[in-house]
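# Descriptive analysis of the structure
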Amino acid sequence: MTVPTLPVLTTETVHDVVIATLDGPGSVNTLGPAAIAALVALLDDVERDDAVRAVVLQSAKPDSWIAGFDIEELARFESAADGERTSREAHALLDRVERCRVPWVAAIQGACLGGGLELALACAWRIAADHPSTALALPEVQLGLVPGGGGTQRLPRCVGLGAALDLMLTGRRVRARQALGMGLVDDVVHPAALAEAALRRARELADGRAPTRRTPRRAAAARLLDGNALGRALVLRQARERVLRRTHGHYPAPLAVLDAVREGYARGVDAGLRAEARHFGELAVSAVSRELVYLFFATTALKKDPGSAAAPRAVAKLGVVGAGFMGAGIAAAAAAVGTPVRLRDTDAGRVGKGLAAARADLVTGTTDYTGFRRADLVIEAVFEDLDVKRRVIDEIERAAPDAIVASNTSTIPIARLAERAARPERVIGMHFFSPVAKMPLLEVIEADGTAPETTATAVAFGKRLGKTVIVVRDGPGFYVNRILNPYVGGAGRLLDEGVAIDAIDRALVDFGFPVGPITLLDEVGLDIAGKSGRIMHDAFGARMAPAQSLLRVLDAGRLGRKGRLGFYRYDAAGKKRGVDESVYALLPTGERRTRMAPEEIVRRTVGPLLEEAERCLAEGIIRSARDGDVGAVFGIGFPAWRGGPFRYLAATGTALAPRHL
Ligand code: NAD
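Along each chain, residues carry numbers from 1 onward, in the same order as the chain's sequence is written. Note on the predicted model: pLDDT of at least 70 is required for a residue's local features to be given, and 80 or more for side-chain atom pairs to be given and counted; whole-chain, interface and lining totals, by contrast, use all residues. Hydrogens and water molecules were not included; the side-chain quantities draw on all heavy atoms of the structure.

### As for the overall build of the chain
Counting its regular elements, the chain contains 26 helices and 19 strands. Relative to the 2.2 N^0.38 estimate, which gives 26 Å for 661 residues, the radius of gyration of the chain is 28 Å and therefore close to what a compact globule would have. Working definition: with a 1.4 Å probe on protein chains only, accessible area under 20% of the residue-type maximum means buried, over 50% means exposed, and in between means partly exposed. A buried classification covers 56% of the 661 residues belonging to the chain. We call two residues in contact whenever any of their non-hydrogen atoms come within 4.5 Å of each other. By sequence separation, contacts in the chain at least 24 residues apart represent 72% of the contacts at least 6 residues apart. Here the accessible surface of atoms and residues is derived via Shrake-Rupley with a 1.4 Å probe, and residues count as covered only by protein chains that are part of the display. Accessible surface, the chain as shown: approximately 27,900 Å² in total, 53% of it carbon and sulfur. When charges are counted, neither His nor the chain ends are considered; positive counts come from Lys and Arg and negative counts from Asp and Glu. We put the charge of a Lys on NZ, of an Arg on CZ, of an Asp on CG and of a Glu on CD. For the chain, the centre of its 86 positive side-chain charges and the centre of its 78 negative side-chain charges are spaced 4 Å apart. Each helix is a run of DSSP H or I of at least 4 residues and each strand a run of E of at least 2, with the numbering of both proceeding from the N terminus. Only C-alpha atoms enter the radius of gyration; for comparison, a globular chain is expected to reach 2.2 Å times N to the power 0.38, where N is the number of residues.

What follows is the structure in structure tokens.
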């Protein structure tokens, strides 16, 4: 063998099997130009050298097999033709792997994503290590793309149409054992046995002794519809309906996946591959994909951002005070990543409920402060009341003298909580969003006196919980609630003028928010919204004045979804049952309705949000436009495909010009 030893790929020959080991620069392997060139050189050599009878492809990095096509390369495409050509080159390369004179075995441990999984799919056999880092996915739709390396054709033919669509339309990750169950990999072995098992399988394949691949029973049943055109048409149509329901047509990539898959079944794999490449090229230079890639880079950069120059403290033990909705959620999230938690509430019943909600052996409960002394970090999530919180912080400082103390307050400035503290430099805000398990964002709030170590610890612990963390400066509403308030307030003022509830919500869902602002008010709870609205009004004056409509509906005793009545009606299961028409009698204009164009509704709600975001940047509440974009997208559901408020402003012009909205 004379495979040149390229930096990203080294080879070793064991008898007649080439073991090719990928080890690119950086923490993950990607398919960039160097890795692709190395694979081409390997193929050339293997094709030439008759002594070689099989290839095993593995990674030197325990957590990363191949994380996918190098996303940096995407940014270099100047036209759709560039992307299409790149995809066609990938097809040619993987076609060579698939048709190679000798079998290729993918020995997978770690992230096997996108182009990585597509390469694995072109191999004759796939073995996955049963390791926590092993994850297989085609996450291209999350970047506004379709798989560009044959995934739309090989995946359905490997795991069946239904399962393939599920994977490609959601981008979700599957673990080794799940992958085995669906037929995505052929074997699962202990990590320590991976190399040996792959070598053995490679030899068997070379000798024609490998077991025939069996479709797992469950996967076989799910494939019943795949065999005939009518069944496939049905599956594809249903998938399309689901996509449109979920995306309101804002995301073209999932529809392009469906088109490429359909084309492949209708006209054959080559036609399917051509459709895939065409879609890949067009999407790669589309505005939606550019914004999603921007957010991907922004969140990746935040993962590496320590938030402060100091070293973080290790949090070996967490204390949580307040076992309500948020406290229990935080305790559960910490236990899920292996951190022992001591959970305190004054109410024994709440402790019990909190423990049940956390459902983890690592969480223990108490009604006093026993077990807090050695906590490194204590997060309080008690009632949103300045005096209660100050008292609790004082108690925490006594019970856990070395701990950093974080407050999950959503509205109270951290400086006010810290001003009576014995060690104010160790007090910080950690604003989680509800529900904690699901919401990806954490706002860490620094007050003027906060020590760098305190910030670093809060940021590091937030990341450990899997959150995307932005560090913001102290101030009423911090960042996320501060921009949310004028948006919802704008919607309230439209109600005051007689614009219909569903017209407002529809205009903003059409703009791209997951739910409209009036539905959001009902979800958050009108009492909570009213309370935070008052705080914001006190702090900022007229521009944050609460709408009459909200005050009146709240005065009438409506709480929103939790009380099954707000602006909408809800059934016993909490499901929304349409606008409650009787609510109009409570509003300033009564039954009289004003018609308003959707663009105007957007201008009057999103406009104030954009202005407030700009103020936050100018005042240094957020550190960068990037943080402001990430906070708005992951904190309040600002449409991701618009990149966030600052990207949206940059793309459309100033906040105030109506033509831009
Ligand atoms: P909750 O009412 O569900 O829970 C509060 C808990 O604190 C209760 O179990 C109560 O018994 C307990 N408590 C009160 N005083 C205490 C004391 N002195 N010592 C120990 N426990 C005490 O409220 P929640 O929704 O979980 O909110 C908690 C905090 O999180 C608030 O500051 C709130 O603003 C903030 N927050 C809430 C949300 C949300 O959506 N619910 C989102 C972000 C932040």
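Having seen the model, we can carry on.
### Here we look at the packing of helix α19 (residues 480-496) against helix α25 (residues 625-636)
At a minimum axis distance of 10 Å, the contact between α19 and α25 shows a crossing angle of 70°. Of the possible angle classes, the one that applies to α19 and α25 is roughly perpendicular. Between α19 and α25 the crossing geometry is right-handed. Along the contact surface, α19 presents Val 480, Ile 483 and Leu 484, while α25 presents Gly 631, Ala 632, Gly 635 and Ile 636. In terms of residue class, the contact of α19 with α25 is made up of 5 nonpolar, 2 polar and no charged. Every axis in this analysis is a line fitted to C-alpha atoms, fitted for helices over the stretch in contact. Angles between the N-to-C directions lie between 0 and 180 degrees. Note that the term roughly parallel is reserved for angles under 35 degrees, roughly antiparallel for angles over 145, roughly perpendicular for angles of 65 to 115, and oblique for everything else. By the definition used in this description, the sense in which the near helix is turned from the far one sets the handedness, with an anticlockwise turn below a right angle giving left-handed and a clockwise turn giving right-handed. When residues are sorted by character, Ala, Val, Leu, Ile, Met, Phe, Trp, Tyr, Cys and Pro go into the nonpolar class, Asp, Glu, Lys and Arg into the charged class, and all the rest, Gly among them, into the polar class.

### A short note on the packing of helix α5 (residues 151-159) against helix α6 (residues 161-170)
Two quantities define a packed helix pair, namely the angle between the helix axes and the distance between the axes. Two elements in contact, α5 and α6, have axes separated by 7 Å at closest approach and are oriented at 135°. With respect to their mutual orientation, α5 and α6 come out oblique. As for the relative orientation of α5 and α6, their crossing is right-handed in sense. Contacts between α5 and α6 involve Gly 151, Thr 152, Leu 155, Pro 156 and Val 159 from the first element and Leu 161, Ala 163, Ala 164, Leu 167 and Met 168 from the second.

### Observations regarding the UniProt feature "domain: 3-hydroxyacyl-CoA dehydrogenase NAD binding" (unreviewed entry) in the chain
UniProt positions are given in the numbering used here, feature names are shortened, and annotations may be inferred rather than shown by experiment. Here the UniProt-annotated "domain: 3-hydroxyacyl-CoA dehydrogenase NAD binding" (unreviewed entry) positions come out as residues 317-474. Between the end C-alpha atoms of residues 317-474 the distance is 26 Å, and the span holds 35% helix and 24% strand.

### As for the site of the ligand
Whether a residue is near a molecule or strand depends on its heavy atoms: if one lies within 4 Å, it is near. In the vicinity of the ligand lie 22 residues, with Met 326, Asp 345, Glu 384, Lys 389 and Ser 410 positioned nearest. By the criterion applied in these results, polar contacts are pairs of N or O atoms within 3.5 Å in which, for protein atoms, one can donate a hydrogen and the other can accept it, and in which residues neighboring in sequence qualify only through two side-chain atoms. For the ligand, a nitrogen atom lies 3.1 Å from a polar atom in the side chain of Arg 344. Compared with its free state, where it exposes 830 Å², the ligand has 83% of that area covered by protein. When contributions to the shell around the ligand are tallied by element, the ones reaching two or more residues are α14 (325-336), α16 (386-399) and β15 (427-432). Across the shell around the ligand, the residue classes tally to 9 nonpolar, 8 polar and 5 charged.

### Some words on the sheet that holds strand β6 (residues 111-113)
Only when DSSP finds a minimum of two bridges between them are two strands counted as paired. If you walk across this open sheet you meet the 3 strands as β4-β6-β8, and the pairing is parallel. Because the sheet does not close on itself, it has two edges, and the strands there are β4 (64-66) and β8 (135-137). Across the sheet, the axes of successive neighbouring strands diverge by a mean angle of 15°, strand direction being ignored. Relative to β6, β4 is paired through 2 bridges, and the arrangement is parallel. Along β6, the bridge assignment pairs Ser 64 with Ala 111. This element, helix α4 (residues 115-122), spans β4, β6 and β8 of the sheet and lies at about 85° to β6.

### Re the layout of surface pockets
As defined here, a cavity is a set of points on a 1 Å grid over the protein atoms alone where a 1.4 Å probe fits but cannot get out. A pocket is an open set with protein on both sides within 12 Å along at least five of seven lines, and residues line them when an atom is within 4 Å of a point. Grid points are joined across faces, edges and corners, and a volume is the space filled by probe spheres set on the points. Roughly 460 Å³ of volume is contained in the second largest pocket. As for the second largest pocket, its lining consists of 23 residues, of which Gly 183, Val 185, Asp 186, Arg 213 and Arg 214 are closest to the centre. Elements with a minimum of two residues in the lining of the second largest pocket: β7 (125-129) and α5. Among the elements that make up the lining of the second largest pocket, the one with the highest residue count is α5 (3 residues). Classifying every residue of the lining of the second largest pocket by side-chain character gives 9 nonpolar, 3 polar and 11 charged.

### Quick look at the pattern of salt bridges
In the sections that follow, a salt bridge refers to a side-chain nitrogen of Lys or Arg positioned within 4 Å of a carboxyl oxygen of Asp or Glu. Throughout the structure, instances matching the rule amount to 42 salt bridges. Its salt-bridge partner being Arg 48, residue Asp 45 comes within 2.6 Å of it at the nearest N-O pair. Taken as a pair, Asp 45 and Arg 48 lie in helix α1 (residues 33-48) at a separation of 3 residues, close to a single helical turn. Overall, Asp 45 belongs to the buried group, its relative accessible area being 5%. The partner of Glu 204 in a salt bridge is Arg 201, with the nearest N and O atoms 2.7 Å apart. In this pair, Glu 204 and Arg 201 both sit in helix α8 (residues 194-207), 3 residues apart, roughly one turn of the helix. Residue Arg 201 is classed as buried on the basis of its relative accessible area of 18%. Residues participating in the shared-partner salt-bridge network are Arg 482, Arg 543, Glu 611, Glu 612, Arg 615 and Glu 619.

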